[in-house]
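A closer look at the structure
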Amino acid sequence: MSAELASSTLALRTGVAPLPPELYRQAVEEADLAVSITDRHANILYANAAFTRVTGYTLDQVLGQNESILSHQTTPREVYQEMWQRLAGGQSWTGRLLNRRQDGSVYLAEVSITPVHAADGSVTHYLGMHRDVTTLRQLECMVNNQKQLIASVLDVAPMVFALLDSNGYVMLDNQAYQAMASDLRNDNPAHLLMDTLCPDWRHALVTEPSRCVFTELEARLDRPVGGPRWYTCTAQLIRLSNEATDSFFCAQNAVGLLLTCSDITALRAEQERARTAALKAILADEERVAAIRESLSAALFRLEEPMNVIFSAVNLLRRRDPASASMLEDALDASRVHLDALREVIPPRGPETMSNINLNEILRDVLDIVTPSLLANGVVVDWLPAPTLPMIYGRPVQLRVLFKALLDNAIEAMSSKGWRRRELALQTRQHDDCIIITVADRGPGMTPDCELRAFEPFFTTKRSGGRHLGTGLSRAYQVVTDHGGFIDLAENPGGGCLVTVEFRLDGDPL
Ligand code: FAD
C-alpha cells in the first residue's frame, strides 16, 4: 500500500484530513538526517539537503551515482557482505561505515538502509538514512580510554577497590579485589566486608547512605584454607549519574559506595608477634621478681627459727651468766637489724591496674607464649574455649602468671624422658554465675599427699639443684584467691593431673 493510500484510508477511519503527498517530500527534504533513495543496485535517485550538507556532494554530483561513491574503501568487505545479505532478504540494515566526503575528508556514518517493497513484495528501491557520528565516536573512544586508564591504574594499585551501586552490585573492581575473592573463595568479598563492618549496610545504602561511610576500620576474614586475613577498610560515597531512562528529565543522582581495603595481615602478624614477645618479657620479669621475693621470704622464715632458739637461751642465761647473756643479746640485736635490712630489700608486689578481662584472650596469650615449649616437648594441645565468655574484673598480668604456671607445670610433668602421652586439654566454660577453666594433662599425675600439700609455699617434689623453689602453685593459689576464686587439683579420670579454676562473675577481687 502506498503512503498516500494508507494516509487516506486512515483519514477515513479517524476523520482526520489526509496529508497532501507533497508534504511527505517536503518533510524528507527538510529532515536533518542525510536521506537518499536508490534503485535496487544502490544507484542514487534522490538525496535531500542534509545529504549534501553531510557528504559535501551536490545533488547533481550524486544523482545516478552508486552509493559506493561515499565508501572510504577501508570498511571491511564482510561488513558490506553482511549488509547486502540482509537487504537481499528484504530486511533493513543498520551499522557504521567509514565514508569519504566530496572534499576527501573521512567521517564515520551511522547508516540505516530500508528496502522499499512493491505491491507484489519485491524490493524496488532502498531508503538510506545516515548521520555523521564522528564526534560521538571520539567521545566513546575517550570514555573507553578513560575507563581503560582507570582500570589499569586500579589494577596496578596494591589496594582492593570495589565500587558498589545502591543495590550492592559491584560495578567496578580491580585485580586485587579479584585476587582477594579467589583467596577467600568467595565471589563477593565486598559484601563479606560490609556485613562485618556495617551489618545494616544493604538497607542503609538505600535509605540513608551516609550510615555506610567509615574510615580505616579493621576487619578479620577467615579463609577456608590458611589463617585469617586482616584488612583495613574505608567506605565512601560517590555520586553517580542515574542510568535509569525515567530519570532523564529529573536528573536525580544515584549513590555508589567505594570500598577501599589494604591487606594488613602481615602487619597484624608482626604486631601479634611483638605483643606476645612483650607479654613474654613481662611475665618473665614478674616470675623473676616473684622468685626473688619468695626466696628472700623463705630465707627470712628459716633464719627466724634459730634466732628464736637463741632468744630463749639468752633468757635462761640472763640470771646465771649476765655477761654472756648480754653479749648474745647484742649479737641477736645485730642479727635482727640485718634481718630487717633483708626484709626491706624484698621487692614489693607492684600495683596492677584492674580491668575487665576476657579469660579466653588471657589463655590464648598464654598459649602463644608457651607454644615454643609445647612444640619442643611434642605436647598436643586441645584448646576448647567457650564461644562467648563474660568478662571478669581482675588483674591481667597476675592471671597470665597463674595460667602460665599451670601450663608450665603440665608441660614439665609430661616431658620426662620416655613419657609417651603428651596431651594437654585446656577448656573454658560458663556454669551459672561462674567461669570454669580446666587444665588437664596426661602426665604421671600427683600422689594424694602431693595433692594435699601442692599449694603450700616452698613445697616441691623436684630436686634439681634449687631450680624448683616450689612456689609456682602457691603463687597460683594466691592469684586465684586474690580474685575471689577457687582452685582445685585432682586426678584426671583418664590419667594425669586435672586443675580446675573457678571465678565467680560477681567475684570481689582483693
Ligand atoms: P561493491 O562492489 O559495491 O560491493 C561490495 C559487496 O557488496 C560485494 O560483495 C557485492 O557482492 C555486494 N553488493 C554490492 N551491490 C549489491 C547489490 N545490489 N545486491 C547484492 N549485493 C551487492 N556504502 C558506503 O560505503 N557508504 C554509504 O553511506 C552507503 N550507503 C548506502 C545506502 C543505500 C541506500 C544502499 C542501498 C547502499 C549503500 N552503501 C553505502 C553500499 C554501497 O552501495 C556499496 O555496496 C559499498 O559502498 C561498497 O562499495 P564497493 O564499490 O567497495 O563494493
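Residues numbered from 1 in each chain as written. Predicted model: local features only at pLDDT ≥ 70, side-chain atom pairs only at ≥ 80, totals over all residues. Heavy atoms only, no water.

1. Points about the site of the ligand
Not every one of the 20 residues close to the ligand is listed here, only the nearest: N66, R77, Y80, W84 and N99. Here an oxygen atom of the ligand and a side-chain polar atom of N66 are 3.1 Å apart. Take W84: an N or O atom from its side chain is 2.8 Å from an oxygen atom of the ligand. The fraction of the free accessible surface of the ligand (920 Å²) that becomes covered by protein chains is 75%. Elements represented by at least two residues in the shell around the ligand include exactly α5 (77-88), β3 (93-100) and β5 (123-132). Sort the elements by how many residues they give to the shell around the ligand and α5 lands first, with five residues. Residue composition of the shell around the ligand, grouped by class: eight nonpolar, nine polar and three charged. (Near = heavy atom within 4 Å. Polar contact = N/O pair within 3.5 Å; in protein donor to acceptor, adjacent residues only side chain to side chain. Areas by Shrake-Rupley, 256 points an atom, 1.4 Å probe, with all protein chains shown as cover. Helix = DSSP H or I, 4+ residues; strand = E, 2+ residues; numbered from the N terminus. Nonpolar A, V, L, I, M, F, W, Y, C, P; charged D, E, K, R; others polar.)

2. Some remarks on the packing of helix α10 (residues 265-320) against helix α13 (residues 396-414)
A pair of packed helices can be characterised by two numbers: the angle between their axes and the separation between those axes. Contact geometry for α10 and α13: axes closest at 10 Å, N-to-C directions at 80°. Considering the angle they form, α10 stands roughly perpendicular to α13. Within the contact between the two elements, α10 uses L279, I282, L283, E286 and E287 and α13 uses V397, Q398, R400, V401, K404 and D408. The residue inventory of the contact of α10 with α13, partitioned by class, reads five nonpolar, one polar and five charged. (Axes fitted to C-alpha atoms, helices over the stretch in contact; angles between N-to-C directions. Parallel < 35°, antiparallel > 145°, perpendicular 65-115°, else oblique. Contact = heavy atoms within 4.5 Å.)

3. Here's the deal with the sheet that holds strand β10 (residues 254-263)
If you walk across this open sheet you meet the five strands as β7-β6-β10-β9-β8, and the pairing is antiparallel. Bordering the open sheet on either side are β7 (170-173) and β8 (214-221), each of which pairs with just one other strand. Within this sheet the neighbouring strands show an average axis-to-axis angle of 25°, counted without direction. Across six bridges, the pairing between β8 and strand β9 (residues 229-240) is antiparallel. (Pairing = 2+ DSSP bridges.)

4. Focus on the state of the cysteines
Across all of its chains, the model carries zero disulfides by this definition. C198 provides the cysteine sulfur closest to C212, a residue in no disulfide bond, and the two sulfurs are 4.7 Å apart. C233 carries a free sulfur, and the closest cysteine sulfur to it, the one in C261, is 3.6 Å from it. C233 sits in the buried class, given a relative accessible area of 0%. (Disulfide = S-S within 2.5 Å. Buried < 20%, exposed > 50% of the residue type's maximum accessible area, 1.4 Å probe, protein only.)

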